[in-house]
Amino acid sequence: YILPLLPPPGNTIDGSKLFYFIFQMAIVRKVLIDDFDKIYPLLRNFNNTSLKKEGWKRLFVSHWESDAGHCGYVLVDGEKIVGYLGMLFSVKVVRGQHHKFCNISSWIVEKKYRNESFSLLLQLLKLKEYTVTNFTPDKTTYVASKKLGFKDFETHFRILIPFPTLKALRADCSIVDGKGMVKQFLKDNYRQIYNDHLFFDCLHLWIKTRTGGFYMILTKVLKKGIPAAQIHFISDLNYFKENVTSLTIKLCVKLKVLIVMIDERYLKGVSMLFSTRMKLPQPRIFKSESLKGEDIDSLYSELVVLNI
């Protein structure tokens with residue numbers, strides 16, 4: 001239902017529609033902190049019953065170091081906000097280099113103004129120095145973003161099911177939790193990640209194995225009424241894959257969940273017993289001039305900030 005701002009070359013537009021385009025177009029501006037109460041009625045249209053008003057407010061705070069100076073754009077008609085594009089800005093170290101990120105948290109426009117929806121997304125084209133991500137696009141957002149040059153970086157996730165095999169029960173793998181306990185294992189870059197996510201509903205774990213250890217960040221979520229642990233970050237994928245069967249059991253017991261969820265790209269094509277591959281409603285997408293899809297995790301995103 002997204003229409004172009006102007007007709008394609010060779011097409012015509014009648015006088016009444018031309019009048020609308022010239023004289024009644026809403027304007028786009030940056031989001032202000034005081035805009036929240038005007039934007040909240042739009043956010044309620046997402047029908048996410050798990051998110052309360054205070055939860056949505058997390059999108060209107062600069063949580064991480066950034067020189068962007070704002071948290072998105074709004075479409076305004078007079079005094080009324082009729083559209084919203086939420087953005088979360090951050091700076092992350094990827095392969096030893098600092099990279100700027102912009103995560104699209106939400107995009108919603110009142111039905112009456114849908115023909116002007118694209119004017120919000122066009123703001124993304126200005127972010128040439130940023131890697132722009134969207135982890136939860138709906139079908140309309142996905143199609144529109146692809147027209148702006150976005151690429152898929154994830155199409156499936158995997159559900160890990162706890163299955164108590166003899167080998168898994170014998171595995172030498174243990175979980176260290178407690179924020180003070182975990183922090184002592186972390187080096188500088190991981191300490192920054194730890195500090196950046198300390199005040200969200202994240203679970204910070206250090207996994208000790210026979211030959212080493214690794215850092216994990218998860219959240220507890222409900223997926224179709226099923227309590228699940230969702231993995232957002234793993235510092236060492238090799239250690240994770242070596243211990244995944246045992247670790248899945250221990251995570252489910254410790255966190256009181258029934259399944260563990262992880263995006264397929266983390267597994268790099270490795271087949272896993274006791275797991276189910278599921279397709280995402282829409283692919284996760286990104287636009288970047290410097291990074292590849294495999295470089296992207298779901299930290300610093302709406303998945304963590306909103307705990308969805």
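Preceding block: the structure.
### Regarding the layout of surface pockets
Empty space among the atoms can be located by rolling a probe the size of a water molecule over them. Of the voids in this model, the second largest pocket is the one considered here, and its volume is about 790 Å³. Taken together, 27 residues form the lining of the second largest pocket, with Val 93, Val 94, Phe 233, Asp 295 and Asp 297 sitting closest to its centre. Elements with a minimum of two residues in the lining of the second largest pocket: strand S3 (80-94), helix H8 (188-196) and strand S10 (226-234). No other element matches H8, which puts 5 residues into the lining of the second largest pocket.

### Focus on the pairing of strand S6 (residues 151-160)
Remember that side chains alternate between the two faces of the sheet whenever the strand is regular. Burial within S6 is extensive, with 7 of its 10 residues counted as buried. Of the pairings in the sheet, the one linking S6 to strand S12 (residues 275-287) comprises 8 bridges and is antiparallel in character. Opposite Glu 154, over in S12, you have Arg 284 as the bridge partner. For S6 and strand S11 (residues 259-263), the ladder comprises 4 bridges, and the chain directions are antiparallel.

### Describing the environment of Phe 200
Within the secondary structure layout, Phe 200 lies in the loop between H8 and strand S8 (203-209). For Phe 200 and Val 305, which are 105 residues apart along the polypeptide, the C-alpha to C-alpha distance reads 6.4 Å. Residue contacts for Phe 200: discarding those within four places in its chain leaves His 63, Trp 64, Val 304 and Val 305.

Each value, and the rule that gives it
- Residues numbered from 1 in each chain as written.
- Predicted model: local features only at pLDDT ≥ 70, side-chain atom pairs only at ≥ 80, totals over all residues.
- Heavy atoms only, no water.
- 1 Å grid on protein atoms, 1.4 Å probe; cavity = no way out; pocket = protein on both sides within 12 Å on 5 of 7 lines; lining within 4 Å.
- Points joined across faces, edges and corners; volume = space filled by probe spheres on them.
- Helix = DSSP H or I, 4+ residues; strand = E, 2+ residues; numbered from the N terminus.
- Buried < 20%, exposed > 50% of the residue type's maximum accessible area, 1.4 Å probe, protein only.
- Pairing = 2+ DSSP bridges.
- Contact = heavy atoms within 4.5 Å.

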